[in-house]
Amino acid sequence: MAKRSTLFIRIVEGKNLPVKDITGSSDPYCVVRIDNEAIIRTATIWKTLSPFWGEEYNVHLPPSFHTVSFHVLDEDSLSRDDVIGKVSITKEALAAKPQGLDGWVSLTEIDPDEEVQGEIHLQIAVLGDQGARKLRCQVFEARDLARKDRNGASDPFVRVRYNGKTHESTVVKKSCYPRWNESFEFDLDEASADTPLSVEVWDWDLVSKNDFLGKVLFNINRLQSAEQVEGWFRLSPDKPKHSQYEGTLGSLRLQLRLRDETVLPSSHYQPLTELMCQSVGTNLNGNRSDLIMLIDETTTAEGRQEVATNLVKLFLGQGLALEFLDVLFTLELEKTSEPNTLFRSNSLASKSMESFLKVAGMQYLHRVLGPTVNRVFEEKKYVELDPNKVELKEAGCTGLHRLQTEADVIQQSTTHLQSYLTELLHAIMLSASHCPPALRHAFRQLYQRVQAHFPEKEYRKVKFIAVTSFLCLRFFSPAIMSPKLFHLREKHPDARTSRTLLLLAKAVQNIGNLDTLACRSKEPWMVPLQPAIQQGISQLKDFITQLVSCEEGDDPDLQHSLSLQSSVILKEGFLFLHKTKDKSMLIASPFKKYYVSLARDTLSYTRTQNSKKISFITLQKIRAVEKVEEKSFGSSNVMQIISSEDNGQLETLYLMCKSVNELNQWLSALRKACIHNTETMSSYHPGIYKGDKWSCCHQKDKTAVGCDKTRHGVTLQEWNDPLDPDLESQLIFRHLMSVQQAMREKHQERIQQEKSNDQGSTSELEKQDVATRLFKVLQDLQEAHAAVERAEQSKNKNFLLELQT
């Protein structure tokens, strides 16, 4: 059994942000933090006080997280970035709205006394008899404290207060993982039982005022009942102060949804998985698609995308993705009488095929679109075809300036767009052999189903449009318009590049529609591109014919490839590496550039991309994958991979990334690839062993137990994630439970309709058997979850009382 939380984050836009630059504007970006750890940085939107990001993320978290916060900053190239404000939302606030949060939230000032983090290890005990009782507070250590000094650390000490008396610990210099091991005693005043015990952590400063790092309060009445308690306690901020900037820092529009999942052992999901597989197989009591039809008819528009993705991944894992999509194609065609509307709505069939393309075809997309998209970014040409939006500028060399005419701009723009479009179409035409077999077979099924449903001559283009509606309109065009969302680029394009990409995407859409007349009437200013679009339509038809020409026996290992387990490379790219075996820790820059590749079983690295000399780490030997604190190497974007050698000795490989996003993407990919490792570490050192001690906790023993807890459960969801059959089954179970009543009603309607049509009792019994089996499976799973919850409640029933007030 596993517990996990998934947080869906959509950072939509901002408005009314304050001016931070001398230009009268700002260059805002947003950093997402989970319990003060940065996990996401959005793109910078230049020169605006109302930025639009539209970035979406799914973050997998351990259920123990507390807060998600959004820090908005203004990027500066010559100085430190300016802080604008933040939005903080607690886990409790998210859990209180299971349907999710969607709306505008005001930014608040970032108060240093509120920016606390970390935990402190304490033992609190009540000693002695009733006559002369003592209150003893033992302060052992702290971890992950806020960094208040320029050196990337703090100089923490503890201040313990009770009943007007104060004790202070020694100061531990340059550490966010201090160890004190000191004890303080107070006379217990029975008359002041309501007086709390306060344990505060401060950063000592020689010249300026000491910085507050957090505190813990204990209720003495509860302490006397428990007599003694020991554990790690989360530091809390001081009482919030009234901000003078309240309401003047602007606001963010956010969409957030938290889902907590308890994933049961595989055996519990086996009946549901078998029933789902039978529902798309060749024989389920004669009603192959009845269960899928029920799901299709009862899934609302709001949840359709999520359900489609979960179903696609479930059937991919079972090697039945083609059968599932074929059922949906058939159901969609049965409901369609007008071919012009085929697959144009956001139906379960459309959403499932769209998800299938993203999961199984992203590498293909990158190969086809990558070169052209990169060229548009690098050339930064001014492109505009709409006369109402043309900006005229001077042209020519010095002394011979002339103002460009509108016709000049449109002519130049047409030339640029035709060049991009020609390059892109050429890449598409040559890509049939590189298209994954799974995609080719899915398009072949779609093509044949539509051809059989609309055999008339006047509908001869429909089978082509059915394919291009997915390939061009739902895959290529959205990726061209928003390359960052499809991992084609790390950053959003600037305004000029964005307009070029939009016009290029429109041209691809027009080609995908296979209709030049329609675009002339909607956007007549696209007419200069008509010759290129017309040629593209002819080429695209030939490409589709070639794409769907695969036969059933073309790929004998199709089912294996559909399961996505045969993908060789999960992630690759150039990084800077440092190995602990090297004798260069003390030099200025111990990192060297390597090409790193993460496969299913190994992490390998070479000096060049095509080098034959390869070093590698077997993933099964990896014990932890964690971040390294900034002061260790002077960078906040360093991670460490701790692995065991054959002799049991631990070795550490350090990887430096270019940005916080690249860092977290590599962390996520490695953690997910090692998810089934059994000998993972529960603690680690976030610093480095330099000289004769650890830089984080100052322990001198190189083999000493780590001073911080590992964070294996914090990962970002990516398109190439390893499939998790139990999780997908759990997500589908949860959805089916939410629509169970609607499914029962639909099922009863169908039975009554059969009775009224006098279609006989056999079919009715067969359909009733399918539904009855489903509802029984759902009931059994519900009871299994209830049993787990009862066991958890029983386990925690006698747990120590919460001591924090």
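Everything here concerns the structure above.
Here the structure is a predicted model, which is why all the values come from computation and not from measurement.

**Q** Explain the overall build of the chain to me, and be specific about the residues and the numbers.
**A** On a plain count of helices and strands, the chain comes out with 19 helices and 30 strands. Counting over 805 residues, the chain shows a buried share of 52%. Put simply, of all contacts in the chain between residues at least 6 apart along the chain, 69% involve residues at least 24 apart. For the chain, the accessible area works out to roughly 38,700 Å², and carbon and sulfur atoms hold 49% of it.

**Q** So, the nonpolar core: which residues are in play, and what are the values?
**A** Core analysis: the biggest nonpolar cluster contains 118 residues, and Phe356, Leu369, Phe443, Phe476 and Phe543 have the highest contact counts within it. Element by element, the count of residues in this core is highest for helix H7 (residues 348-379), at 15 residues. If we skip the residues at most four places from it in the chain, Phe476 touches Tyr364, Leu365, Val368, Leu369, Ile428, Leu471 and Val508. By size, the runner-up hydrophobic cluster in this structure holds 36 residues, among which are Val126, Leu135, Phe184 and Trp694.

**Q** Report on the pattern of salt bridges, specifying residues and quantitative values.
**A** Tallying each qualifying case throughout the model produces 37 salt bridges. Taking the shortest distance from any N to any O, the salt bridge between Glu75 and Arg41 comes out at 2.9 Å. On the criterion of sequence distance, the pair formed by Glu75 in the loop between strand S5 (67-74) and strand S6 (82-90) and Arg41 in strand S3 (residues 37-41) is long-range, its members being 34 residues apart. Notably, a salt bridge pairs Glu168 with Arg159, separated by 2.8 Å at the nearest N-O pair.

**Q** Lay out the environment of Glu728 in plain terms, naming residues and giving numbers.
**A** Looking at the secondary structure, you find Glu728 in helix H17 (residues 725-738). Each C-alpha atom of the pair Glu728 and Val307 lies 9.7 Å from the other, and the pair is 421 residues apart in sequence. Beyond its immediate stretch of four places on either side in the chain, Glu728 contacts Asn310, Lys313 and Leu314.

**Q** Got a sec to walk through the packing of aromatic side chains? Specific residues and values, please.
**A** By the definition in use, this model includes 15 aromatic pairs. Geometrically, the ring pair formed by Phe218 and Phe233 is edge-to-face, given 5.0 Å between the ring centres and 85° between the ring planes. Of the two residues, Phe218 is situated in strand S14 (residues 211-218) and Phe233 in strand S15 (residues 228-234); the sequence distance between them amounts to 15 residues. Phe233 matches Phe218 in its accessibility class, with the two residues each being buried. Summarising the aromatic geometry, the rings of Phe329 and Phe343 are spaced 5.9 Å apart at their centres and angled 80° between planes, so their arrangement reads as edge-to-face. Here the residue Phe329 occupies a position in helix H6 (residues 321-334), and Phe343 occupies one in the loop between H6 and H7, the gap between them amounting to 14 residues. The two residues Phe329 and Phe343 agree in class, both being buried. Above the face of the Phe574 ring, Lys593 is positioned so that its terminal group lies 4.9 Å from the ring centre. Here Arg744 stacks its cationic end above the ring of Phe775, 4.1 Å away from the centre of that ring.

**Q** Describe empty space enclosed by the protein, naming the residues involved and giving the relevant values.
**A** For the structure on display, the rule yields four cavities of 30 Å³ or more. Computed from the structure, the largest cavity encloses a volume of approximately 60 Å³. Along the walls of the largest cavity sit Glu37, Ile39, Lys627, Asn664, Leu667, Ser668, Arg671, Val714, Thr715 and Leu716, which together make up its complete lining. Mapped by element, the contributors of at least two residues to the lining of the largest cavity are S3, helix H16 (660-673) and strand S30 (715-716). No other element matches H16, which puts four residues into the lining of the largest cavity. Looking at side-chain class alone, the lining of the largest cavity contains four nonpolar, three polar and three charged residues.

**Q** Break down the sheet that holds strand S10 (residues 156-162) for me, with residues and values.
**A** Judged by pairing direction, the sheet is antiparallel, and its four strands sit side by side in the order S11-S10-S13-S14 without closing on themselves. The open sheet has two free edges, formed respectively by strand S11 (165-168) and S14, since each of these has just one partner strand. Strand-to-strand, the axes of this sheet are offset by a mean angle of 20°, without reference to chain direction.

**Q** Could you give an account of the state of the cysteines, naming the residues involved and the relevant values?
**A** One way to say it: the disulfide is the covalent bond shared by the sulfur atoms of two cysteines. Tallied over the entire structure, the rule returns zero disulfides. You can see Cys697 has no disulfide; the closest cysteine sulfur is in Cys707, sitting 3.8 Å from it.

**Q** Give a detailed account of the sheet that holds S6, specifying residues and quantitative values.
**A** Read from one edge to the other, the open sheet built from four strands follows the order S3-S2-S5-S6, with strand pairing classed as antiparallel. One side of each edge strand has no neighbouring strand; the edge strands of this open sheet are S3 and S6. Sheet twist, expressed as the average angle between the axes of neighbouring strands with direction ignored, equals 25°.

**Q** Break down the layout of surface pockets for me, with residues and values.
**A** Space inside the second largest pocket adds up to approximately 1,900 Å³. The wall of the second largest pocket is formed by 46 residues, among which Arg33, Arg80, Arg147, Glu630 and Ser636 lie closest to the centre. Tallied by class, the residues present in the lining of the second largest pocket amount to 14 nonpolar, 10 polar and 22 charged.

**Q** Please provide a residue-by-residue account of the packing of helix H5 (residues 304-317) against H7, values included.
**A** Taken N-terminus to C-terminus, the directions of H5 and H7 make an angle of 55°; their axes are 8 Å apart at the nearest point. On the basis of their axis angle, the class for H5 and H7 is oblique. H5 and H7 meet at a crossing whose hand is right-handed. Packed against H5, whose contacting residues are Arg304, Gln305, Ala308, Thr309, Leu311, Val312, Lys313 and Leu316, the element H7 presents Leu348, Lys351, Ser352, Glu354, Ser355, Phe356 and Val359 at the interface. Tallied by class, the residues present in the contact of H5 with H7 amount to seven nonpolar, four polar and four charged.

**Q** Summarise the packing of helix H8 (residues 406-429) against helix H11 (residues 495-513); cite the residues concerned and give the values.
**A** A pair of packed helices can be characterised by two numbers: the angle between their axes and the separation between those axes. The interhelical angle for the contact between H8 and H11, taken along N-to-C directions, is 55°, at an axis separation of 10 Å. With respect to each other, H8 and H11 are oriented oblique. Where H8 crosses over H11, the two elements pack in a sense that is right-handed. Between H8 and H11, the contacting residues are Leu417, Tyr420, Leu421, Leu424 and Leu425 on the first element and Thr500, Leu503, Leu504, Ala507, Val508 and Ile511 on the second.

**Q** Break down unusual backbone geometry for me, with residues and values.
**A** Trans peptide bonds make up most of the peptide bonds, and negative phi angles are found at most residues other than glycine. Here the phi dihedral of Asn16 falls at roughly 55°; this positive angle occurs in a residue that is not glycine. Following the sequence through the fold, Asn16 ends up in the loop between strand S1 (2-15) and strand S2 (28-34). Judged by relative accessible area, Asn16 falls into the exposed class, the value being 57%. Although it is not a glycine, Asp144 adopts a positive phi angle of roughly 55°. For Asp144, a relative accessible area of 16% translates into the label buried.

Conventions and cut-offs
Residues numbered from 1 in each chain as written. Predicted model: local features only at pLDDT ≥ 70, side-chain atom pairs only at ≥ 80, totals over all residues. Heavy atoms only, no water. Helix = DSSP H or I, 4+ residues; strand = E, 2+ residues; numbered from the N terminus. Buried < 20%, exposed > 50% of the residue type's maximum accessible area, 1.4 Å probe, protein only. Contact = heavy atoms within 4.5 Å. Areas by Shrake-Rupley, 256 points an atom, 1.4 Å probe, with all protein chains shown as cover. Core = buried A, V, L, I, M, F, W, Y, C linked by side-chain atoms within 4.5 Å. Salt bridge = Lys/Arg side-chain N within 4 Å of Asp/Glu carboxyl O. Phe/Tyr/Trp six-rings, centres within 6.5 Å; stacked < 30°, edge-to-face > 60°. Lys NZ or Arg CZ within 6 Å of the ring centre and 35° of its normal. 1 Å grid on protein atoms, 1.4 Å probe; cavity = no way out; pocket = protein on both sides within 12 Å on 5 of 7 lines; lining within 4 Å. Points joined across faces, edges and corners; volume = space filled by probe spheres on them. Nonpolar A, V, L, I, M, F, W, Y, C, P; charged D, E, K, R; others polar. Pairing = 2+ DSSP bridges. Axes fitted to C-alpha atoms, helices over the stretch in contact; angles between N-to-C directions. Disulfide = S-S within 2.5 Å. Parallel < 35°, antiparallel > 145°, perpendicular 65-115°, else oblique. Left-handed = near helix turned anticlockwise from the far one by under 90°.

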